[in-house]
Structure formats: structure tokens, C-alpha cells
Amino acid sequence: PIIRRRLYELVLQKLLFNGSESANQLSRESDSLGNAIMPKVLLVQDHRVEQMVMSAMLKKLGCQVHIVAQGLDAVQILESEHFDILLMDYDMREQESLIATQKIRERERDLLAKHLPIIAVTSSYDDKDQSDCVASGMDDAIAKPIRYEDLEAKLRRWIQND
């Protein structure tokens with residue numbers, strides 16, 4: 001039988017101790033651009049296991065991670081805190097991710113605030129999903145299951161362009 005705790009420890013060990021050069025390189029590049037050495041990432045994810053896995057990957061990439069389970073919680077946090085990028089679970093119930101994204105974009109327009117890159121994290125990314133994401137104001141998407149290399153590429157693209 002598989003012991004959950006042992007499986008969890010093995011997954012975290014694999015995530016945290018492979019590819020540490022990539023994390024150091026991302027941190028150095030961010031620093032050379034004048035950004036904080038540890039980019040701040042807001043992760044909106046309602047599944048605990050996915051929170052742990054994505055958080056471990058982001059920390060390995062040298063990011064500071066703040067996790068919330070609901071899209072509307074993210075809207076509230078963004079009123080008082082600054083983040084470099086937001087990873088939004090697209091598959092939340094009742095299209096909460098789209099509603100939250102629209103509220104964030106409205107607030108940016110109203111306050112003439114700096115554009116926050118929002119990346120949809122989705123289990124399927126078909127044409128309808130893509131048009132819904134773009135219409136709500138999301139900038140990009142990444143497919144589940146998340147691959148470390150894909151996540152690193154998205155962070156590089158959007159944090160450097162920031």
C-alpha cells in the first residue's frame with residue numbers, strides 16, 4: 001500500500017531538489033532587471049494537493065508564494081498587496097476565475113494601476129476556454145498537469161515583460 005505521507009515527501013523531494021540551477025538563474029535574471037530577487041506570486045487554487053505541488057515548484061523557482069482558495073479572495077488581497085504575477089485556477093466552480101479576473105481588470109482601469117499578468121491554470125485549453133480567458137482579461141494559460149519547465153517559461157515571459 002502507498003503511504004500518503006511518504007508519497008508526498010517523495011514528490012516534494014523530487015520537485016525541490018531537481019533543477020536548482022534554473023531557480024538560481026531565474027532569480028539572477030529577475031535581479032538584473034531591477035525586480036525583487038523573489039518575485040511575488042499569488043496562487044489561486046482550490047485543491048489542496050495542487051496548491052502544495054504548484055507552491056513547491058514556484059518556491060523552487062525562487063518565488064514568494066501566497067495561496068488563496070477562491071478567486072474573490074484574490075480580488076480582496078490585491079487591494080492591499082502587490083504581486084508580480086497571478087496564477088488563477090480556471091476550473092473553479094461557477095466561473096469564479098473569470099469573474100475574479102474581470103473584477104481585477106476593472107480595478108486596474110479605475111485606479112490606473114499597473115497591469116498584473118494573470119495566467120489561467122486549466123485542465124483543458126480548447127478554443128472556447130481560450131476565448132473566455134482572453135475576454136475576461138487573462139493574459140496566458142498553462143495546462144494541467146503543470147510541468148516545471150512550462151511554469152518556468154511562463155514566469156520568465158511575464159515577469160521579464162513586466
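Each remark here, short or long, concerns the structure printed above.
Just so it is clear, the model here is predicted, and its values are computed rather than measured. All residue numbers refer to positions counted from 1 along the written sequence of the respective chain. At least 70 in pLDDT is required for a residue's local features to be given in this predicted model, at least 80 for side-chain atom pairs to be given and counted, and no such filter applies to totals for whole chains, interfaces and linings, which use all residues. Water and hydrogen atoms play no part in the side-chain values, which are based on all heavy atoms of the structure.

Points about the overall build of the chain
Piece 1. Working definition: helices are DSSP H or I runs of at least four residues, strands are E runs of at least two. Numbering for both runs from the N terminus. For the chain, the count of helices and strands is 7 helices and 5 strands.
Piece 2. What you see in the chain, going N to C, is helices and strands ordered as α-α-β-α-β-α-β-α-β-α-β-α.
Piece 3. Whether two residues touch is decided by their heavy atoms; if any such pair falls within 4.5 Å, the residues are in contact. Contacts in the chain between residues at least 24 apart in sequence constitute 67% of all its contacts with a sequence separation of at least 6.
Piece 4. By element, 52% of the accessible surface of the chain is carried by carbon and sulfur atoms, the whole surface being about 9,200 Å². Note on areas: Shrake-Rupley with a 1.4 Å probe; residue coverage comes only from the protein chains shown.

Some remarks on the packing of aromatic side chains
Piece 1. When two rings of Phe, Tyr or Trp (its six-membered ring) have centres within 6.5 Å they constitute a pair, described as stacked for plane angles under 30 degrees, edge-to-face for angles over 60, and tilted for the intermediate range. Inspection of the entire model under this criterion finds 0 aromatic pairs.
Piece 2. Above the plane of the ring of Phe-83 lies Lys-40, whose end atom (NZ or CZ) is 4.8 Å from the centre. We count a charge as sitting over a ring when the NZ of a lysine or the CZ of an arginine lies within 6 Å of the ring centre and within 35 degrees of the ring normal.

Here's the deal with helix H5 (residues 96–111)
Residues that lie three or four places apart on an α-helix share one face, since the helix turns once every 3.6 residues.
Piece 1. Between its first and last C-alpha, H5 extends 22 Å over 16 residues, near the 22 Å set by a 1.5 Å rise per residue.
Piece 2. Relative accessible area decides the class of each residue, using a 1.4 Å probe on protein chains only: under 20% of the type maximum gives buried, over 50% gives exposed, and in between gives partly exposed. Every buried residue of H5 is listed here: Glu-96, Ser-97, Leu-98, Ala-100, Thr-101, Ile-104, Arg-105 and Glu-108.
Piece 3. Check the buried side of H5 and you find it contacts helix H4 (71–78), strand E3 (85–89), strand E4 (118–122) and helix H6 (127–136).
Piece 4. Leu-112 sits one or two positions beyond H5 and adopts a positive phi of about 50°. What a helix should span is 1.5 Å times the count of its residues minus one.

Re the nonpolar core
Piece 1. One finds Leu-42, Val-44, Leu-78, Leu-86, Met-88 and Met-138 to be the most contacted residues of the largest nonpolar core, which totals 21 residues.
Piece 2. Residue assignment for this core shows that the elements contributing at least two residues are strand E1 (40–44), H4, E3, H5 and E4.
Piece 3. A total of 4 residues in this core trace back to one element, the largest contributor, which is H4.
Piece 4. For Met-138, the contacting residues outside a window of four places in its chain are Met-88, Tyr-90, Ser-97, Leu-98, Thr-101, Ile-118, Ala-120 and Cys-133.
Piece 5. We define the nonpolar core as a collection of buried residues of types Ala, Val, Leu, Ile, Met, Phe, Trp, Tyr and Cys that are connected through side-chain atoms lying within 4.5 Å of one another. Judged by nonpolar contacts, the second largest core, of 18 residues, contains Met-57, Leu-61, Ile-119 and Ile-146.

Focus: the side chain of Thr-101
Piece 1. Topologically, Thr-101 is positioned in helix H5.
Piece 2. If near-sequence neighbours (up to four positions away) are discounted, Thr-101 is found in contact with Met-88, Ile-118, Ser-136, Gly-137 and Met-138.

A short note on the pattern of salt bridges
Piece 1. Here, a salt bridge means any side-chain nitrogen of Lys or Arg that lies within 4 Å of a carboxyl oxygen of Asp or Glu. Within this structure, the stated rule accounts for 11 salt bridges.
Piece 2. Where Lys-144 meets Glu-50, a salt bridge forms, and the shortest distance between an N and an O atom there is 3.1 Å. One end of the pair, Lys-144, is in the loop between strand E5 (140–143) and helix H7 (148–161); the other, Glu-50, is in helix H3 (residues 48–60), with 94 residues separating them in the sequence.
Piece 3. A relative accessible area of 26% means that Glu-50 is categorised as partly exposed.
Piece 4. Asp-140 is the partner of Lys-154 in a salt bridge, and the nearest nitrogen-oxygen pair spans 3.0 Å. One end of the pair, Lys-154, is in helix H7; the other, Asp-140, is in strand E5, with 14 residues separating them in the sequence.
Piece 5. Under the relative-accessibility criterion, Asp-140 is labelled buried at 13%.
Piece 6. In the salt-bridge network here, residues are joined through shared partners; they are Glu-50, Asp-89, Asp-91 and Lys-144.

Notes on the environment of Lys-144
Piece 1. Take Lys-144: its relative accessible area is 17%, and that puts it in the buried class.
Piece 2. Along the primary structure Lys-144 and Val-121 are separated by 23 residues, whereas in three dimensions their C-alpha atoms are 6.7 Å apart.
Piece 3. Discounting residues that sit within four places of it in the chain, Lys-144 has contacts with Gln-45, Glu-50, Asp-89, Asp-91, Val-121, Thr-122 and Ser-123.
Piece 4. Polar contacts, as counted here, are pairs of nitrogen or oxygen atoms within 3.5 Å of one another; within protein the pair requires one atom able to donate a hydrogen and one able to accept it, and residues that are adjacent in sequence qualify only if both atoms are side-chain atoms. A polar atom in the side chain of Lys-144 sits 3.1 Å from the side chain of Glu-50.

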